[in-house]
Amino acid sequence: MGRTNGQARPARARGKASPRSAGRGAARRLRLLTVLPLLAGLLASCDSGESGPVRLNWYNFPDDSGALAGAADNCTRASGGRYRIEYNKLPRGADGQRQQLVRRLAAEDNTMDILGLDVTWAPEFAEAKWILPWTGSNRRNATMGTLEVPLQTATWKGRLYAVPYNTNTQLLWYRSDLVPRPPTTWAEMLTMARDLAEQGKPHYVEIQGAQYEGLTVWFNTLVASAGGSILNATATAPSLGPPAVRAATIMRNLATSPAADPSLSNQMEDQNRLAMESGTAAFELNYPFVYPSMKANKPDLFKSFKWAPYPGVDPGRPSKPTIGGIDLAIGAYSRHPDLAFEAALCLRNRQNQMAAALEGGLPPTLRALYSDQALVKSYPFAADVLSALENASVRPQTPAYQNVSIAISHTLSPPSAIQPRSDIENIGSQIEDALESKGLIP
């Protein structure tokens, strides 16, 4: 020890430093004087929490149009440096989206600030205390000018738990070269389809018949249009009854008629779009995204591609199509709930909803936008969408919705095998079991 190259270091006189060592000491003191203020700044920033703008995580469906990313950027700039919104893309499928949110919220993840919820999830998340209620000025700002039916999807037990970001509804799309006047009821539409089939013309009715959420939406729309509901007013028991039997009968009538596409039991929204564009169908029940697609992909067919209200069950009774969309909720474990509420309101403001409509094809939830000429120009069917939204129905509101939907879609699949009365009794029994279940679906 104390040796270099095997030689002892020469002893220095006590209390006396060489000029060289004195220079090194001065340099060390200078470095300390420089570093100490930096250390103090770091310690201060650790004590005060985050430095710079607060990061708010927004979890939502993956948007390819750029509208959601643009909204995050707009609101980040509008915050004046107080927060930065990070747009995090959830999986494409609704089941994958819900699973990711549920797992992270169950773990009390405090980075879950703004959550894009499917319109069926608010009761489940609210009951689990994973999202915060909207109260006071936040609630007033969220409801001001917002369509009433989308607000219903965000409400549970009289409390608002989310703010509608966008909505959606189906229309009847038809070919005016085959059908000069659109049908107003399902019975009339099936008669028209049979007549076209006898003439050897395109005649299919394209609708979502696969064993998934789309089949539940079809059933719910028919039940509501027949004047009924799947659950009672308090969501404590199944309602169903004659309207549900009529709905199941209509579904079977389509599936066993010439109007049925041979692929009905496997079809979802995009397969319906492609089938209509192929020229084999006369009618399509689908969302407005099919309009720009037909315009881009089949300009010849687009010339006769028209729209009308969703057909009703009874003459003179308006249909009640089931709405979709996304509601924005605030995570209960967020470290910055006040900023998150403010940011969520910004994300769904007039400017950002207009961009989502024009760029992403997502119908807005602010009523005033439906008379805006910029929207009407791109959405010539805006008035029909608004009318549908104002008369729309919502899916059963219950924390057990996932089980309710599975009971419906599995029992009514395939539509050609439906036994209306016995299947409705079976669905009712399964719904009773679902409503009595404890806890949440994983």
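My aim in this report is to walk through the structure given alongside it, one point at a time. (Residues numbered from 1 in each chain as written. Predicted model: local features only at pLDDT ≥ 70, side-chain atom pairs only at ≥ 80, totals over all residues. Heavy atoms only, no water.)

The next thing to look at is the overall build of the protein. Looking only at helices and strands, one finds 18 helices and 13 strands in the protein. Contacts spanning at least 24 positions in sequence make up 74% of the contacts within the protein whose residues lie at least 6 apart. Per element, the accessible surface of the protein, about 20,700 Å² overall, is 52% carbon and sulfur. (Helix = DSSP H or I, 4+ residues; strand = E, 2+ residues; numbered from the N terminus. Contact = heavy atoms within 4.5 Å. Areas by Shrake-Rupley, 256 points an atom, 1.4 Å probe, with all protein chains shown as cover.)

Counting 50 residues, the largest nonpolar core has Trp58, Leu101, Ile114, Phe125, Trp134 and Leu328 as the members making the most contacts within it. Sorting elements by how many residues they give to this core places helix α13 (residues 337-347) first, with eight residues. Excluding residues within four positions of it along the chain, Ile114 makes contact with Asn57, Trp58, Tyr59, Leu328, Ala329, Ile330, Ala340, Ala343, Ala344 and Leu347. Within the second largest apolar cluster, 48 residues are counted, among which are Leu178, Leu196, Leu222 and Ala255. (Core = buried A, V, L, I, M, F, W, Y, C linked by side-chain atoms within 4.5 Å. Buried < 20%, exposed > 50% of the residue type's maximum accessible area, 1.4 Å probe, protein only.)

Here the structure, examined in full by the defined rule, presents 16 aromatic pairs. Ring geometry for Trp186 against Tyr310: centres 6.2 Å apart, planes inclined by 55°, an arrangement best described as tilted. Of this pair, Trp186 sits in helix α7 (residues 186-198) while Tyr310 sits in the loop between β12 (305-308) and β13 (324-330), placing them 124 residues apart in sequence. When its relative accessible area of 1% is taken as the criterion, Trp186 is described as buried. Judged by centre distance (5.1 Å) and plane angle (75°), the rings of Tyr291 and Phe381 are edge-to-face. Placement of Tyr291 in helix α11 (residues 290-297) and of Phe381 in the loop between α15 (373-378) and α16 (382-390) is noted, with a sequence separation of 90 residues between them. Phe381 carries the same exposure label as Tyr291, and that label is buried. What links up through ring pairs into an aromatic cluster is the set Trp173, Tyr291, Phe302, Phe305, Trp307, Tyr379 and Phe381. (Phe/Tyr/Trp six-rings, centres within 6.5 Å; stacked < 30°, edge-to-face > 60°.)

In this section: the state of the cysteines. What the rule picks out here adds up to one disulfide. Each sulfur in the disulfide pair Cys75 and Cys346 lies 2.1 Å from the other. Taking the torsion about the sulfur-sulfur bond, which here is approximately -100°, the covalent link between Cys75 and Cys346 counts as left-handed. Of this pair, Cys75 sits in helix α2 (residues 67-78) while Cys346 sits in helix α13; the two residues are 271 residues apart in sequence, bridging distant segments of the chain. For the residue pair Cys75 and Cys346, the accessibility class agrees, reading buried in each case. (Disulfide = S-S within 2.5 Å.)

As summarised here, the arrangement of the five strands in space is β4-β3-β5-β13-β8, forming an open sheet in which the pairing is mixed. Pairing within the sheet leaves two strands with one partner each, and these edge strands are β4 (83-89) and β8 (163-168). Sheet twist, expressed as the mean angle between neighbouring strand axes with direction ignored, is 20°. Direction of pairing for strand β3 (residues 54-60) relative to strand β5 (residues 114-118): parallel, over a ladder of two bridges. Opposite Trp58, over in β5, you have Ile114 as the bridge partner. (Pairing = 2+ DSSP bridges. Axes fitted to C-alpha atoms, helices over the stretch in contact; angles between N-to-C directions.)

Time to look at the packing of helix α8 (residues 213-225) against helix α17 (residues 401-411). Packing of α8 against α17 brings their axes to within 8 Å, and their N-to-C directions diverge by 85°. Here α8 is positioned roughly perpendicular relative to α17, judged by the angle of their axes. Only Tyr401, Ser405, Ile408 and Ser409 of α17 make contact with α8, whose side of the interface consists of Glu213, Leu215, Thr216 and Phe219. Here the contact of α8 with α17 is built from residues that sort into four nonpolar, three polar and one charged. (Parallel < 35°, antiparallel > 145°, perpendicular 65-115°, else oblique. Nonpolar A, V, L, I, M, F, W, Y, C, P; charged D, E, K, R; others polar.)

Right, let's get into α13. With eight of 11 residues buried, α13 is to be regarded as a mostly interior element. Along α13, the residues that are buried comprise Leu339, Ala340, Phe341, Ala343, Ala344, Leu345, Cys346 and Leu347.

Turning our eyes to something else, we now look at the pairing of β5. For β5, the tally of buried residues reaches five of five residues, placing the bulk of the element in the interior. Where burial is concerned, the two faces of β5 agree: the one with Ile114, Gly116 and Asp118 and the one with Leu115 and Leu117 are both buried.

The subject of this paragraph is the pattern of salt bridges. Per the counting criterion, the structure on display carries 15 salt bridges. In this structure, Arg246 and Asp314 form a salt bridge, with 2.8 Å as the shortest nitrogen-oxygen distance. Of the two residues, Arg246 sits in helix α9 (residues 242-255) while Asp314 sits in the loop between β12 and β13, which places them 68 residues apart along the sequence. Assessed through its relative accessible area of 37%, Arg246 is described here as partly exposed. For the salt bridge of Glu390 with Arg367, the shortest nitrogen-to-oxygen distance reads 2.8 Å. Residue Glu390 is located in helix α16, and its partner Arg367 is located in the loop between α14 (350-360) and α15; the two are separated by 23 residues in the primary sequence. Glu390 sits in the partly exposed class, given a relative accessible area of 40%. Look at Arg367 and you get partly exposed, because its relative accessible area is 43%. (Salt bridge = Lys/Arg side-chain N within 4 Å of Asp/Glu carboxyl O.)

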